[in-house]
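Understanding the architecture of this molecule
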Amino acid sequence: QAQGSSALHASLFACMRARVHGAFSAGAAMPETNITDVRVPLPWEVAVQHVELAKRKAADQFLAIWRANKDREDSELRWGEEVEYTLVSLADGGARAALCADEVLRRLGPETGSGEDPRSSAGWRTEYGNMMVEGVTQPPFTWSLDDILLIEESLVWRRKELARVAKEVDGEVEVVTLSAFPLLGVPGCTAPAAEPSPDGVVSQSVLCPDEATSPHPRYQTFTANYRKRKGCKVGALAPREGILSEQRLSADEVAQMPFDLARRQSRERDPVPGHIYMDSQAFGACNCCMQATFLTRNLDEARFLTDQFLVLAPIFLALSAATPFLRGLVADTDTRWPTFKQSWDDRSVEELGTLRNSRTSANDFYIGAGLAADTQACAAANDVEVPIHEPTLTRLVEGGVDELMSRHVAHLLARDPLMVFNDRLDIDDTKEADHWEQIQSTNWGTVRFKPPPCTGSIGWRVEFRSPDVQLTDFENAAVVGIIRALAQAIVEERWDLVIPISLCDANDDISASRNAASSSLFWFRDFSSGEAKQQPLRDILAGPNGLFVRLRGWLDRHGSCSAEARKRLEVYMMLFEERASGALPTPASFLREQLKGHPEYKGDGVLPVAFVHSLCALAARASGERPGQPGGELGGLLG
């Protein structure tokens, strides 16, 4: 059996190495990505034997980090953002996912530019899709509010640098920031051409070729391990535009469907009426988002900010909604998150009754130190029962970690590690944290509480993860710029936005609805009564005591924000206020209108290739537009 597993492992790695651009050589290895190195994780049938050991070591590694950093104070605060880009080939009037990110990254290296100014530098990271590149702030922004003025310039330079190198690789490739490549899963959707491998060793998708996944060992093995652990391949189901009410599936029915299809040995492209079926992790992980990570002064501040961000995450997901098209069809949802959540659900059929959601669901738990000290308030806020890994809870509480934080970590460790490296099983848990980082980085919530690395090179951080990526650098800068300003105002004035976590769950579901930004009601705290009530986003942002009303008041009192930075923040706030009021569309609504106006669209919910070609060309051509730009093509989106 061990020989058989080794043979399968070797076969998988050989397959990965040969994909798309030929076998890796020592001189053509993937760049260091700050995600993982090029070692190959153990296949699931071997890794499963080490799961409890890996969990125990992960708990011990977290405990070592906690003990070393629980009293840490940082005064020189920094922050940065990450944007995921898509490479598309527009050759011969078509539109295809350009599977050349590995070669583009080899040429870019880990960073390019001066290294001294984020307006002329960038860091580069491997992403799940081989048509994706992640660009990050390099060096990080300072805590001066005036650094908000640098965001757009940084994004413009970064996109141009990526486009320059992509053109070196293939002159027909364009760089776009579409939340989802609209034709992924359609026959002929990749360049070079590749076919699905339903009998292969990776995803076994009937729709999406495994070549769409990065050849980096992390992703190919991770995909296979997910499938093996689950007991069948994944299956996401997004309702199609025009779905009949009797065709809609409940969340429980969606979670059960991959197992039903596996029992039927279905190889249908559309096995569920009224739904867009997506049977590969690529359909979720190849969707693009933007994220921002903030260094905080200390542990308590990081815990507090995490809780407030949990409430804001679905609001900014709705405001940034940009995903109306999936697998060449028009969806009845507006954001990427439902597809991401479903396509990365590794629960076995037996776990559907014990693990309440996917490991890519929104966060289940508030962790603020104030709640840790108030049992009644904690119970009211954390009003949903979540599974925990009992040995971890016991170990951390006995080690001196408060029970609330211990439960947070034990909840993360209720999930199995899916990447275990044989040569890292016996590392020193006081000096290295591989097992903790593997678990931490593969629980994908809308917000991530980030303890310091074991090296102590940086402190306690919080990552805001929910927004769909936007078409233009202006919009992307607006999203992270506003979140940056809110982060400081929330911490300095201790805004308490917490509502019962069950209502955050409801908001996460609402955020994916059609036109949720202007038409839906979200649960939010009423600051006069302290109670949660349903409100439209226009009131949550701009009503009495609205978020932006309070932010403007904080800026008035702050005093160290230049007039130019204040003006820029006003422009950014206006964008979202107008989306919330309906005066401007979200990107999802804008894209739907573009489709309706295309001469080849038949009104049947099927995207013409010519439309996707023109959409990608527009996204590449107009990425630098700003509101009111003379001769601009995106006036209907930006105003």
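Read on for a plain summary of the structure. (Residues numbered from 1 in each chain as written. Predicted model: local features only at pLDDT ≥ 70, side-chain atom pairs only at ≥ 80, totals over all residues. Heavy atoms only, no water.)

1. Considering the packing of helix H13 (residues 390–398) against helix H14 (residues 403–412)
Axis separation between H13 and H14 bottoms out at 8 Å; the angle between their running directions is 145°. In this structure, H13 meets H14 at a crossing whose hand is right-handed. Here Thr392, Leu393, Leu396 and Val397 of H13 come into contact with H14, specifically with Glu403, Ser406, Arg407, Val409 and Ala410. Looking at the contact of H13 with H14 residue by residue, the classes come out as five nonpolar, two polar and two charged. (Axes fitted to C-alpha atoms, helices over the stretch in contact; angles between N-to-C directions. Helix = DSSP H or I, 4+ residues; strand = E, 2+ residues; numbered from the N terminus. Left-handed = near helix turned anticlockwise from the far one by under 90°. Contact = heavy atoms within 4.5 Å. Nonpolar A, V, L, I, M, F, W, Y, C, P; charged D, E, K, R; others polar.)

2. Re the environment of Glu385
Its place among the elements puts Glu385 in the loop between helix H12 (375–381) and H13. C-alpha separation for the pair Glu385 and Ser502, spaced 117 residues apart in sequence, amounts to 9.9 Å.

3. Describing the pattern of salt bridges
Counted under the stated rule, the structure contains 57 salt bridges. Across the salt bridge formed by Asp71 and Lys70, the nearest N and O atoms sit 3.3 Å from each other. A relative accessible area of 63% places Asp71 in the exposed class. Relative accessible area serves as the criterion here: at 36%, Lys70 is assigned to the partly exposed category. One continuous salt-bridge network, built from bridges that share partners, spans Asp102, Glu103, Arg106, Arg107, Glu161, Arg164 and Glu168. (Salt bridge = Lys/Arg side-chain N within 4 Å of Asp/Glu carboxyl O. Buried < 20%, exposed > 50% of the residue type's maximum accessible area, 1.4 Å probe, protein only.)

4. Examining the layout of surface pockets
As a volume, the second largest pocket reaches approximately 1,000 Å³. The wall of the second largest pocket is formed by 39 residues, among which Ala251, Val254, Lys341, Gln342 and Asp509 lie closest to the centre. Listing elements by their share of the lining of the second largest pocket, those giving two or more residues are strand S9 (236–239), helix H7 (251–263), helix H10 (337–343) and helix H17 (501–511). Sorting elements by how many residues they give to the lining of the second largest pocket places H7 first, with six residues. Per-class residue counts for the lining of the second largest pocket are 15 nonpolar, 11 polar and 13 charged. (1 Å grid on protein atoms, 1.4 Å probe; cavity = no way out; pocket = protein on both sides within 12 Å on 5 of 7 lines; lining within 4 Å. Points joined across faces, edges and corners; volume = space filled by probe spheres on them.)

5. Things to note about the side chain of Asp416
Along the polypeptide, Asp416 turns up in the loop between H14 and helix H15 (434–441). Within the structure, Asp416 has its side chain in polar contact with the side chain of Arg229 (distance 3.0 Å). (Polar contact = N/O pair within 3.5 Å; in protein donor to acceptor, adjacent residues only side chain to side chain.)

6. Comments concerning the pairing of strand S14 (residues 447–450)
Residues Val447 and Phe449 of S14 are buried on one face, and the alternating residues Arg448 and Lys450, pointing to the opposite face, are buried as well. One ladder, built from four bridges, connects S14 with strand S15 (residues 461–464); its direction is antiparallel. Counterpart to Arg448 in the pairing with S15 is Glu463. (Pairing = 2+ DSSP bridges.)

7. Considering the packing of aromatic side chains
What the rule picks out here adds up to 23 aromatic pairs. Look at Phe62 and Trp436: their rings are 5.1 Å apart centre to centre, the planes differ by 55°, and that puts the pair in the tilted class. With Phe62 in helix H3 (residues 51–69) and Trp436 in helix H15, the pair connects residues that are 374 residues apart, well separated along the chain. For the pair Phe62 and Trp436, one class covers both residues: buried. Positioned above the aromatic ring of Trp143, the side-chain terminus of Arg484 is 3.7 Å from the ring centre. Taking the ring centre of Phe304 as reference, the NZ or CZ of Arg494 above it sits at 3.9 Å. (Phe/Tyr/Trp six-rings, centres within 6.5 Å; stacked < 30°, edge-to-face > 60°. Lys NZ or Arg CZ within 6 Å of the ring centre and 35° of its normal.)

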